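Commentary on secondary and tertiary structure
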Amino acid sequence: MRAGDRDAYADLVRRHAPMAVRTASLLGAGADAEDVVQESFVKAYAGLSSFREGAPFRPWLLQIVANETRNLHRSAGRRSARERSAWARTEPLLATAEHDDPALAALSSERRAELVRAMAGLSSTHRQVLTCRYLLDLDEAETAVVLGWPRGTVKSRLHRALRRMSGLLADPADPADPADPGRTGGRNGRADLTDGADLTDGKEVEREA
Amino acid sequence: MKPESTDDVLAAELRALGRSVPTIEPEPAGTDLAAAVLARLADVPPPSASRWQVLRHRVGSAIGRRRRILVLIVALLFGGLGVPGVRAAVIDWFTFDGVKVHLQPAPGPSTTEPSPPPTAHGGSLDRARTLVAFRPVDLPALGPPDGVEVSTDHRLLSLTWNDANGTTARLDEFDGTLDYVFAKTAPGAEWTSVAGVTALWFEQPHEVVILDAAGNRRTETARLAGHTLIWELQGTVLRLEGDFTRDQAIEIAESAELLP
């Protein structure tokens with residue numbers, strides 16, 4: 001690397017590191033978030049020439065971060081085990097978040113616990129889309145890039161995820177819980193699973209409220 | 001209740017949940033991480049010219065695509081070091097809404113002390129809210145402001161906090177889509193983040209000038225400002241000036257809340 005390039009790339013890392021670490025943490029990297037981000041920046045550098053013309057940098061970087069975070073759980077075996085291990089790292093972050101900041105007083109600790117409990121009842125797909133779109137506050141287009149889904153899929157999953165979460169908040173024992181093997185799909189059970197990218201061991205349940 | 005509004009409420013709660021997660025960021029502001037990344041890239045061959053051309057090209061297209069009129073020009077001066085072309089390209093690329101980073105020749109060292117921020121007069125936040133077209137932001141960490149002022153063109157909202165010796169803090173707010181221009185020249189500025197969102201911190205005294213819509217300096221507005229933090233909250237560009245350390249400023253900034 002030439003000196004000027006080093007400085008330039010260091011600037012790029014500094015600018016995007018906080019959001020990248022946040023993304024890795026909330027998508028399940030836990031204490032390994034910084035390692036994941038470091039790896040992602042190395043890969044991003046190698047892939048600079050593959051930028052699509054006119055595409056923004058941040059979602060492209062965060063997509064690499066999301067993939068690296070997924071790779072972290074590869075050793076956890078089956079897909080369902082991987083997803084459980086990702087959530088196991090994210091849940092404590094959300095559950096123990098500080099909230100003595102007056103700006104955040106809108107969310108009581110009871111409500112926070114309810115939200116985290118409801119998120120635990122969602123499929124990994126739904127958790128991911130809610131995490132990107134709302135917890136990380138990415139826009140829809142960025143969410144699509146980061147998760148590698150078509151824009152329309154993001155929209156429909158987002159809609160269903162909110163429905164599902166509302167259902168779980170209203171009735172925590174909602175029988176449509178994907179963990180329940182007795183139910184294998186509601187009315188639109190497979191409607192948005194055609195890309196097959198995120199089937200949870202075939203037990204993914206999508207339900208219109 | 002309509003389904004849409006239920007979703008909106010839940011979405012707002014999830015955003016609040018996300019914001020409440022403590023900022024997990026490499027300290028200080030990614031320095032170690034950047035060093036680690038560079039160390040790993042040390043043996044990587046220099047990137048081909050085309051890679052950096054892609055970056056430069058993207059700077060142009062990103063700016064062209066953005067229909068927003070730039071509201072704020074920040075001039076970063078890298079004291080006498082000269083600015084490599086690549087660095088210039090990447091810095092230009094690192095713009096956030098309403099903020100353009102401008103490179104200018106380095107000036108001589110400044111010996112002048114910064115002046116305290118000008119005091120805002122009259123007005124209440126409730127009244128100001130009806131006068132500006134964007135959602136104003138309050139800083140609960142500083143308590144209720146002592147002065148609230150809306151510019152005659154209704155584009156700039158300023159809040160100030162005083163103590164017995166004068167104004168101690170000033171918050172300027174404006175819509176990132178409006179044609180309102182601050183120009184700054186500073187001997188240094190650093191990237192940092194406020195609640196995970198990119199921000200710029202000016203440690204050194206720097207000149208602040210208000211530009212007119214055509215970008216001309218209105219020299220009568222020039223003054224030397226002290227420590228300043230610039231960040232953005234949902235489209236509202238915020239500029240906090242006062243006698244704070246960087247960490248204090250960030251802590252105050254993280255208390256920011258949009259008024260209803």
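Residues numbered from 1 in each chain as written. Chains lettered and ligands numbered in written order. Predicted model: local features only at pLDDT ≥ 70, side-chain atom pairs only at ≥ 80, totals over all residues.

Of regular secondary structure, chain A possesses eight helices and zero strands. With 209 residues in all, chain A has 45% of them scored as buried. Looking at chain A alone, contacts between residues at least 24 apart form 61% of all its contacts between residues at least 6 apart. (Helix = DSSP H or I, 4+ residues; strand = E, 2+ residues; numbered from the N terminus. Buried ≥ 20, exposed ≤ 12 C-beta atoms within 10 Å, placed from the backbone. Contact = placed C-beta atoms within 7 Å.)

Residue and element names in this part refer to chain B. Sheet architecture is open: seven strands sit in the order 4-5-6-13-12-9-8, paired in antiparallel fashion. Each of the sheet's edge strands pairs with one partner strand only, and the pair in question is strand 4 (147-150) and strand 8 (190-194). Between one strand axis and the next, the sheet turns through 25° on average, direction left out of account. (Pairing = 2+ DSSP bridges. Axes fitted to C-alpha atoms, helices over the stretch in contact; angles between N-to-C directions.)

Moving on, we come to the nonpolar core. Within the largest apolar cluster, 59 residues are counted, with the highest numbers of intra-cluster contacts made by Val13, Ala20, Ala24, Val37, Val65 and Met165 of chain A. The greatest single-element share of this core, amounting to 13 residues, is contributed by helix 1 (residues 3-29) of chain A. When residues no more than four places from it in sequence are discounted, the contact partners of Val37 of chain A are Ala17, Ala20, Val21, Ala24 and Val65 of chain A together with Leu33 of chain B. Membership of the second largest hydrophobic core comes to 31 residues, among which are Phe202, Leu238, Leu240 and Ala249 of chain B. (Core = buried A, V, L, I, M, F, W, Y, C linked by C-beta atoms within 7 Å.)

Residue and element names in this part refer to chain B. Of all 10 residues in strand 6 (residues 166-175), seven are buried, a share of seventy percent or more. Across eight bridges, the pairing between strand 5 (residues 156-163) and strand 6 is antiparallel. Across the sheet, the residue bridging to Asn162 is Thr167, located in strand 6. Where strand 5 folds back onto strand 6 in an antiparallel hairpin, the turn is made up of two residues. Relative to strand 13 (residues 236-242), strand 6 is paired through seven bridges, and the arrangement is antiparallel. Following the sheet pairing, Asp172 is matched in strand 13 by Arg239.

Turning to the pairing of strand 12 (residues 228-233) of chain B, a few remarks are in order. All names here are of chain B. As defined by bridge partners, strand 9 (residues 197-202) adjoins strand 12 across three bridges and the pair is classed as antiparallel. Following the sheet pairing, Leu200 is matched in strand 12 by Ile230. When strand 12 meets strand 13, the two strands line up antiparallel, connected through six bridges. The partner of Ile230 across the bridge, within strand 13, is Arg239. As consecutive antiparallel partners, strand 12 and strand 13 are separated by two residues, and within that stretch Gln234 has a phi angle of approximately 45°, a positive value.

Quick look at the packing of helix 4 (residues 79-95) of chain A against helix 5 (residues 109-120) of chain A now. Residues and elements named next belong to chain A. Where helix 4 meets helix 5, the closest approach of the two axes is 10 Å, and the angle between their N-to-C directions is 170°. Considering the angle they form, helix 4 stands roughly antiparallel to helix 5. Every residue of helix 5 that contacts helix 4 at Trp87, Glu91, Leu94 and Ala95 is listed here: Ala113, Val116 and Ala120. Taken together, the residues that form the contact of helix 4 with helix 5 break down as six nonpolar, no polar and one charged. (Parallel < 35°, antiparallel > 145°, perpendicular 65-115°, else oblique. Nonpolar A, V, L, I, M, F, W, Y, C, P; charged D, E, K, R; others polar.)

Looking now at the confidence of the model for chain A. Residues and elements named next belong to chain A. Chain-level statistics for chain A give a pLDDT mean of 76 and a share of 71% at 70 or above. Across chain A, the element-wise mean pLDDT spans from 81 in helix 4 up to 94 in helix 6 (residues 124-135). Counting contacts from residues 177-209, a segment whose pLDDT is below 50, to residues more than four positions away or on other chains yields 52 contacts. (pLDDT = per-residue confidence, 0-100.)

Moving on to the confidence of the model for chain B. Residue and element names in this part refer to chain B. A residue-level look at chain B finds 55% of positions with pLDDT of 70 or above and a mean pLDDT of 66. The least confident element of chain B is strand 1 (residues 72-76), whose mean pLDDT is 33; the most confident is helix 6 (residues 246-253), at 92. For residues 46-111, every residue scores under 50 in pLDDT, and the model assigns this stretch 118 contacts once sequence neighbours within four places are set aside. Here the prediction assigns the complex a pTM of 0.51, and the interface score ipTM is 0.79.

Residues and elements named next belong to chain A. Relative to each other, helix 3 (residues 57-72) and helix 7 (residues 140-147) sit at 40°, their axes nearing to 7 Å. When the axis of helix 3 is compared with that of helix 7, the two are oblique. Considering how the two elements wind past one another, helix 3 and helix 7 form a crossing that is right-handed. Seen from helix 3, the contacting residues are Arg58, Pro59, Trp60, Leu62, Gln63 and Ala66; seen from helix 7, they are Glu142, Val145, Val146 and Leu147. (Left-handed = near helix turned anticlockwise from the far one by under 90°.)

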